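Each chain is listed here by its residues.
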Amino acid sequence: MRFQVKYDKNKSLEDSVYETKQQLYKEHKLQALFFEVTSRCNARCEHCGSSCGDFVPKDEMTYDEIISVMDDVAEHYNPKDIMFFFTGGEPLVRKDFFELTDYANKLGFAWGVTTNGMLIDEEAVKKMVETNMYSVSVSIDGLKETHEKFRKVPGSFDKILKGIELMHESNAIPVVQVTTCVNKKNIHELEEMHKLMKEIGIKNWRIITVDPIGRAKDNDELLLSPEQYKQVFNFMLEKRIEDPEMTIMYGCGHYWGNVLNTMLIGTFYTCFTGYWVASILSNGDIFGCPDIERLPELIEGNIRKDKFSDVWENGFKRYRKIDRTCNETCAACPDWKICTGDAFHTWDFKNNKPNFCARELYKEEFEQRDALRGITKNSKKTIKKTTTKKTTTKKTTTKKTTKK
């Protein structure tokens, strides 16, 4: 998914981006639907957004419930325009997983999976090929010792590498990707990780930076410092020049300023949840991005009582407001029209403030940039908001997602 700005020569860049976002909210053309097919997992990752276990939750969606959603989406939309992403927990722990992917494939949907890679063996690869898997993203969060300590599964690293080898040997999977969540415990291994990617034949390396959500929230042993963020970005940009045959992409991130965002992701920053992206959680809840905090007021319905297509067309109103993540400070910020409150999944709805803000991390640098743009504190204007009511957070026991 790429955010293409509709430029108007009679308007500023900021206004063009802002109005493009408003139009996208209005159109809400679904492009990616995440199926969190389970909250079970065979790993215990330190940055995990949920307390995954080996037990089967009583409210986990059944096979019939999941395919009923697929049928609904196929009936109301063109399968060629939408991709299904299967996630969890660990999707491959479901015994009927490849029955689900086979059904999606027969309906005409492209599909991909996010996995920790530990269950990818010869039989799994055979079924991936038979059900026409388009993409797989396998998590590798460091070299052997670091990865296994981080994921808390001794012996898992070699299994993952073997699974990647088997997928390459099939010569039938278009995108075999590795995702690395960079944090304080593995940032020193980035150079060796790049060598590893080349050794195992990875052409698509997705780098994400650990976010202040789930278990990682307020964890100084994981969260990066401002200097370390720069280190990650410099590494990515340097390696793209050094190794043009490998696609090194920055995953769902944050607003870093127009220049850096364009360099990292090729376009201006935006968060796609609720207008291009939706998810069905393991208990059937209809939701935005699976990484968002599972607050009751953000849940749009449940497939056991609601049709997904009805909810997508008539719900998600909170997600489709330009000021969906905004407070007085954000509204007065000179970057508001492009940042619009940064990522939905790192917004603190209880306190109505961002858990992550690049301007707070790099206050001096942003102020210097403001000066070059002729922006002073007195010239900053407050954007009129359509909603100002503070969110009241209800207590919830619904689990959060696993971030791969």
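Scroll up for the structure.
Residues numbered from 1 in each chain as written. Predicted model: local features only at pLDDT ≥ 70, side-chain atom pairs only at ≥ 80, totals over all residues. Heavy atoms only, no water.

Novice: Even after reading the chapter, I still don't get the nonpolar core, so can you show me in this structure?
Specialist: What tends to happen in soluble globular proteins is that the nonpolar side chains get buried as a cluster. Judged by nonpolar contacts, the single largest core of 107 residues is most densely connected at F84, M167 and W205. Counting residues per element, this core draws most heavily on helix α8 (residues 226-242), at six residues. One finds I208, A216, L222 and L223 within the second-largest nonpolar core, a separate group that totals seven residues. (Core = buried A, V, L, I, M, F, W, Y, C linked by side-chain atoms within 4.5 Å. Buried < 20%, exposed > 50% of the residue type's maximum accessible area, 1.4 Å probe, protein only. Helix = DSSP H or I, 4+ residues; strand = E, 2+ residues; numbered from the N terminus.)

Novice: Mind showing me how you'd approach the pairing of strand β7 (residues 247-250) here?
Specialist: Two faces, one strand: in a regular strand the side chains alternate between the faces of the sheet. The two faces of β7 differ: I248 and Y250 on one face are buried, but T247 and M249 on the other face are not. As defined by bridge partners, strand β6 (residues 204-209) adjoins β7 across four bridges and the pair is classed as parallel. Following the sheet pairing, R206 is matched in β7 by M249. (Pairing = 2+ DSSP bridges.)

Novice: It is not clear to me how the packing of helix α7 (residues 190-199) against α8 should be interpreted in this structure. Could you clarify?
Specialist: Two measures define how a pair of helices packs: the angle their axes make with one another and the distance between the axes. Contact geometry for α7 and α8: axes closest at 11 Å, N-to-C directions at 35°. Crossing geometry of α7 relative to α8 is assigned as right-handed. Side by side, α7 and α8 meet where L190, E191 and H194 of the first sit next to V232, F235, K239 and E242 of the second. Considered class by class, the residues forming the contact of α7 with α8 number three nonpolar, one polar and three charged. (Axes fitted to C-alpha atoms, helices over the stretch in contact; angles between N-to-C directions. Left-handed = near helix turned anticlockwise from the far one by under 90°. Contact = heavy atoms within 4.5 Å. Nonpolar A, V, L, I, M, F, W, Y, C, P; charged D, E, K, R; others polar.)

Novice: Explain the environment of A172 to me, please; I cannot follow it from the model alone.
Specialist: Residue position: A172 is located in the loop between α6 (156-170) and β5 (175-182). For the pair A172 and M128, spaced 44 residues apart in the sequence, the C-alpha separation amounts to 9.0 Å. In this structure, A172 is in contact with V129 and M133, ignoring residues within four places of it in sequence.

Novice: Help me out: how do you make sense of the environment of G88 in this one?
Specialist: Relative to the elements of secondary structure, G88 occurs in the loop between β2 (83-87) and α3 (97-107). Sequence separation between G88 and R40 is 48 residues; the distance between their C-alpha atoms is 7.1 Å.

Novice: How should I be thinking about the side chain of H147 in this particular structure?
Specialist: In this structure, H147 sits in helix α5 (residues 144-151). Reaching out from H147, the side chain makes a polar contact with the backbone nitrogen of D141 at a distance of 2.9 Å. In contact with H147, other than residues within four places in its own chain, are S139, I140, D141, G142, S156, F157 and I160. (Polar contact = N/O pair within 3.5 Å; in protein donor to acceptor, adjacent residues only side chain to side chain.)

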